Every structure is written in structure tokens, then in C-alpha cells.
Amino acid sequence: DVYKRQVESLPKMRFAHIFGVDSYQYEFKPLHHTVEITYISKGQLHCVSDKEDFVLKQGDILFNAYLYPLRVEASEYHEHHTVSFQLEFGISDTPTDLSVPMVAHLSSERCLKLIDEIIRAHTIYADSNLRVAGLCLQLLYEMSASTEQSTVNQGIRQYVKKVKNYTFQHIREPIRQADIADALGITPEYLCYVFKQCEKTTVMAYVNRIKLESIRSLMEKENLPLYKAAEFFGYSDPNYVSRLYKKLFQFNITDGLLKDKPNTPI
């Protein structure tokens, strides 16, 4: 019946363990519909295949879908935590069906804890596949979600870097959010969203802060009046600059500028 088929399609555990040894060498052969997920808790593990050559370090996660031969080896002590299970759906010819790379530098405590929870549950409830199967599915979801978030964050950081470069290159000109968005080829709304996601502030708040700090620095170093320093950085209204500075920094832009200068002779 339908319920029985659904249960039979759940992940089926092959093994789950924590293993540590001074030297290690093993070669994985292709195996149909099998997934193995490992993280390194101590030392490192060298992995070699026809397609990749990489080193797993502490905290890294290896997602092995047994698609092609993989040799792993370690010449010094290492410790790994591994769960391996059969999966009758979601794996075709490539592991990308699960949106998980073979090596995941996730730094995800949630994924590491789930692997350990699966090991614990498999040890204690060896006869209860349903409990462990649910944890395995949750682990696959968490890895996929963490990978997607990591990719998103990488894209966001690239936009943020471009915003900062644009600000530096155009710091002496009036800068509008629409100008930056146009230069980056995205909408102003999306620009505002991605910048705030990463920097916890708005694009224009960042731009104004950089400009105002530069104005204050120029006034201090070159002994310039506010209107000239403001004009140098693209502001035509020194009163606006003064109000904006007070709002952002909670003190006047001219405060303290003359305290160390000698008195002008009468």
C-alpha cells in the first residue's frame, strides 16, 4: 500500500560511527543509491579521485554519493564522524540533485550536531529505522540549506564590495543609491536589501558616513572651513552636512578641531 511504499523509500542506515586512527587508507567504489556524510573532528584527511584532489580539515564535511572511485588517506592521527545510508530517491547521476557539494566548508554547528545525533540514535535505537531516517533527511535538508545560504552570502559580499569600491572611486562626487545600483546592474531595492543583509545598515548611511568622516579628516589636517571641505566631497550645503554629522555621530563636526591649535595673536 501507499504508506508501506513511503516507509520503504526512507533512508536506510548502513552504519554510523566515530572513528580515529593514526594512519588510514581506504578506497570507495561506486555504489548505487548510497550516501555517506563525514566530518573531521581532529586532524585531516586527504581525498583523491579522477575528478578532485582535496584535503579535509577539522570541521569540513565530506558528502560522498559513491558516484566514482574515491581514495582517502591520512598519515597522522585523525578522527572522523560518519553516517552512511541508502537513499532510494533524489540521487540520479550526479550529487547536484541535492544541491550539496562534495566538500562543504559550512562551519555549520547544526550539521555537525545532526551527524552526531544520527550516530547516537543509530547506536541506541538500532532497530528503529524510522527515527534515524528522519534525522538523515533533516541532515540532507540542513546541508542543502547551509550550502545555498553560503552561496547567497558570497554573492551578497560581492555586491557589498562593489558598493564600497564605487564609493571610494566617486567619493568627491554626489552619490545616489540609484547611481550605485545602475553601476552594479541591479535595482535600488535589491541593492538596499543585500547591503543591509551584510552590513546591518543602509547603502546611503554607509556612503554618508564615509564622506562625513573624510570631511572631518580634511578639516582637521588641512585646517579648512566646513564649506570648503564639504564642497570637496560633493556637498553644496554645509548646514546640511553639519546636521547630518550631528545625527550620525552625536556631536558637532567642528567640535575639538581648534582645541590643540595655538591662539591667534590679536
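Here we summarise the structure given alongside this text. Nothing here was measured: the structure is a model prediction, and the numbers come from that model. (Residues numbered from 1 in each chain as written. Predicted model: local features only at pLDDT ≥ 70, side-chain atom pairs only at ≥ 80, totals over all residues. Heavy atoms only, no water.)

1. Observations regarding the overall build of the protein chain
- Assigned secondary structure in the protein chain consists of eight helices and nine strands.
- The contacts of the protein chain with a sequence gap of at least 6 include a subset with a gap of at least 24, amounting to 72%.
- About 15900 Å² of surface is accessible on the protein chain, with carbon and sulfur atoms providing 50% of the total. (Helix = DSSP H or I, 4+ residues; strand = E, 2+ residues; numbered from the N terminus. Contact = heavy atoms within 4.5 Å. Areas by Shrake-Rupley, 256 points an atom, 1.4 Å probe, with all protein chains shown as cover.)

2. As for the pattern of salt bridges
- Following the criterion strictly, the structure yields six salt bridges and no others.
- Salt-bridge contacts for K164 lead to E199; the nearest nitrogen and oxygen are separated by 3.4 Å. One end of the pair, K164, is in helix α3 (residues 129-169); the other, E199, is in helix α5 (residues 188-199), and 35 residues separate them in sequence.
- When its relative accessible area of 30% is taken as the criterion, K164 is described as partly exposed.
- The class for E199 is partly exposed, based on a relative accessible area of 28%.
- Measuring nitrogen to oxygen at the nearest pair gives 2.9 Å for the salt bridge that ties D179 to R176.
- Given a relative accessible area of 53%, R176 falls into the exposed group. (Salt bridge = Lys/Arg side-chain N within 4 Å of Asp/Glu carboxyl O. Buried < 20%, exposed > 50% of the residue type's maximum accessible area, 1.4 Å probe, protein only.)

3. What about the side chain of S84?
- Tracing the backbone through its elements, the reader meets S84 in strand β8 (residues 78-86).
- Its relative accessible area of 0% is what places S84 among the buried residues.
- A distance of 2.5 Å separates a polar atom in the side chain of S84 from a polar atom in the side chain of R14.
- Sequence-distant contacts of S84, defined by excluding residues within four places in its chain, comprise K12, M13, R14, F15, T34, V35, E36 and Y66. (Polar contact = N/O pair within 3.5 Å; in protein donor to acceptor, adjacent residues only side chain to side chain.)

4. Details of α5
- Between its terminal C-alpha atoms α5 stretches 16 Å, which fits the 16 Å expected from 12 residues at 1.5 Å a residue.
- Considered for burial, the residues of α5 that qualify are L191, V194 and F195. In a view along the axis of α5, the buried residues occupy a sector of 100°, so they form one face of it.
- A positive phi of about 60° marks K200, the residue just after α5. (Expected span 1.5 Å × (residues − 1). Arc of directions from axis to C-beta.)

5. Description of the nonpolar core
- In terms of nonpolar packing, the biggest core is built from 24 residues, with M13, I37, V83, F85, I118 and L139 touching the most fellow members.
- Those elements that place two or more of their residues in this core are β1 (12-21), β3 (34-42), β6 (61-64), β8, α2 (109-124) and α3.
- Not counting residues up to four positions away in its chain, the partners in contact with F85 are P11, K12, M13, R14, H33, T34, V35, I37, C136 and L140.
- The next biggest cluster of nonpolar side chains, apart from the first, holds 16 residues, and it includes I171, I215, L226 and F233. (Core = buried A, V, L, I, M, F, W, Y, C linked by side-chain atoms within 4.5 Å.)

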